[in-house]
Amino acid sequence: MKTKGWIFLALAAVAACQKAEDDFVAEKPKALEGPYTLTLEATKGEDTKALKLINSGSTLTALWRDGETVAVYQGGTYLGQLVATADDTDETKATLSGTLESVAGVANNAVLTLLFPRKDWDYTGQNGGAPNVVSKIDRLYDYATANVTVASVDTGNKTITTTSAAFENQQSIYRFGFKVNDTPLLVKEFTVSSNHNKLVTSRSYSGGWTSTYGNLTVTPDIAVSDLLYLSVRNENDNTSEADKFSFFVIGYNNALYLGEKDIPGDKLGNGKFISAQNIAVTKSNLAQSGTATVVW
């Protein structure tokens, strides 16, 4: 009987220890649960963000517009979206505010990456329209990024504060015009390639941003002889020599035209406005009809 009593006491002690351990687990702090509100101040240099042509179209400047959106990432994880409210007196400044549905891993000193103007980084599908309030190049292709550091996480009020954001442009804007014997060409579509094969078509995140390279095609909504705009991220880092752009142009009558343009090394990089308004193209002998898929 004494032996059974000791066994009973031992089992009771084990059970008590197990209960104490269970209580300890239950009392561990819970992971952050969204939504959390994030509000921060954002600025940009003259070569970044939303676009506005001034000085009779010779200068492209930057500004914020109300309602523009900024995606928030931590590493490669999308956390949520912020919405811009432009400063009343200085459109290079804005307040960004929104909610983060996912806040796992967000803590003091964590680094968040902000991506304007959308969460998908893609340069395909451009229509060549000039920068303006409703332009595709403004709304979809004028990418800029900023890193901010988390200063505090208020679990009671569910708010996050960070350092301010200084955005940097991630591409340049090119303006192209095509001529045949000094006569402007009515363009239905054009495709551009680089001699160094470093034109970015899209970017994705896998331990860091990586790029996919290829040709870029511009398809205006209607055939035009106007200047056509293209957002270009060219990752050719060889600035000691000119890059060469090659153009494959489909005219209004489906005729094919070919042309080239040297891009000086000092014009490479991001945050530039480059105008090449008189690119000479020559009609090709290749037959073309209907709509075409150009493969280079």
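Going by the structure above, here's the rest.
These notes cover the structure that comes with them. (Residues numbered from 1 in each chain as written. Predicted model: local features only at pLDDT ≥ 70, side-chain atom pairs only at ≥ 80, totals over all residues. Heavy atoms only, no water.)

## A few points about the overall build of the protein
Note the cut-off: Think of it this way: any DSSP run of H or I at least four residues long counts as a helix, any run of E at least two long counts as a strand, and we number them from the N terminus. Only protein chains enter the accessibility calculation, which uses a 1.4 Å probe; a residue is then buried when its area is under 20% of its type maximum, exposed when over 50%, and partly exposed in between. Contacts are assigned to residue pairs with any non-hydrogen atoms lying within 4.5 Å of each other. Residue-level accessible areas treat just the shown protein chains as cover; the underlying method is Shrake-Rupley with a 1.4 Å probe.
If you tally the helices and strands in the protein, you get two helices and 21 strands. Residues classed as buried in the protein amount to 39% of the 296 residues present. Within the protein, contacts between residues at least 6 apart in sequence are counted, and of these 67% link residues at least 24 apart. Approximately 15,700 Å² of the protein is accessible, and the part contributed by carbon and sulfur atoms is 50%.

## Looking at the sheet that holds strand β16 (residues 209–213)
The criterion, for reference: Here the rule is simple: two strands pair whenever DSSP picks up at least two bridges between them.
Taken together, three strands build an open sheet; the order of strands is β8-β15-β16 and the sheet is antiparallel. Of all the strands in the sheet, the pair left with one neighbour each is β8 (121–122) and β16. Examined bridge by bridge, β8 and strand β15 (residues 200–205) share two bridges and lie antiparallel to one another. Across the sheet, residue W121 finds its bridge partner in β15, namely R203.

## Some thoughts on the pairing of strand β21 (residues 273–283)
With six bridges connecting them, strand β12 (residues 172–180) and β21 associate as parallel partners. By the bridge assignment for β21, Y174 is matched with I274. In this sheet, β21 lies alongside strand β20 (residues 256–263) in antiparallel orientation, the contact comprising three bridges. Following the sheet pairing, L258 is matched in β21 by T282.

## A word on the environment of V72
Positionally, V72 belongs in strand β4 (residues 69–74). Residue V72 is classed as buried on the basis of its relative accessible area of 0%. Linking V72 and N147, residues 75 residues apart in sequence, is a C-alpha distance of 9.6 Å. The contact partners of V72, leaving out residues within four places of it in the chain, are T77, Y78, L79, G80, L82, L100, L112, T113 and L114.

## Thoughts on the pattern of salt bridges
Think of it this way: side chains of opposite charge can pair up when their charged atoms draw near. Just so we agree on the cut-off: We define a salt bridge as a contact between a side-chain nitrogen of Lys or Arg and a carboxyl oxygen of Asp or Glu at a distance within 4 Å.
Within the structure shown, the criterion is met by five salt bridges. Across the pair E235 and R203 runs a salt bridge, and its minimum N-O distance is 3.7 Å. Of this pair, E235 sits in the loop between β18 (228–232) and β19 (243–251) while R203 sits in strand β15, placing them 32 residues apart in sequence. On the basis of relative accessible area, R203 is assigned to the buried category, the value being 14%.

## Remarks on the side chain of S172
Rules: Any pair of N or O atoms that falls within 3.5 Å is considered a polar contact. Within protein, one atom must be able to donate a hydrogen and the other to accept it, and sequence-neighbouring residues count only if both atoms are side-chain atoms.
Following the sequence through the fold, S172 ends up in strand β12. A residue is classified by how much of its surface remains accessible, and S172, at 1% relative accessible area, is buried. Of note is the side chain of S172, whose polar atom sits 2.9 Å from the backbone oxygen of G269. At 3.0 Å, the side chain of S172 forms a polar contact with the backbone nitrogen of K272. Not counting residues within four places of it along the chain, the set of residues in contact with S172 comprises L230, S231, V232, G269, N270, G271 and K272.

## Quick notes on the environment of S231
With respect to the helices and strands, the residue S231 is situated in strand β18. For S231, a relative accessible area of 0% corresponds to the buried category. Considered as a pair, S231 and Q171 are 60 residues apart in the sequence and their alpha carbons are 6.6 Å apart. If sequence neighbours within four positions are ignored, S231 has contacts with Y123, Q126, I137, Y141, Q171, S172, I173 and L216.

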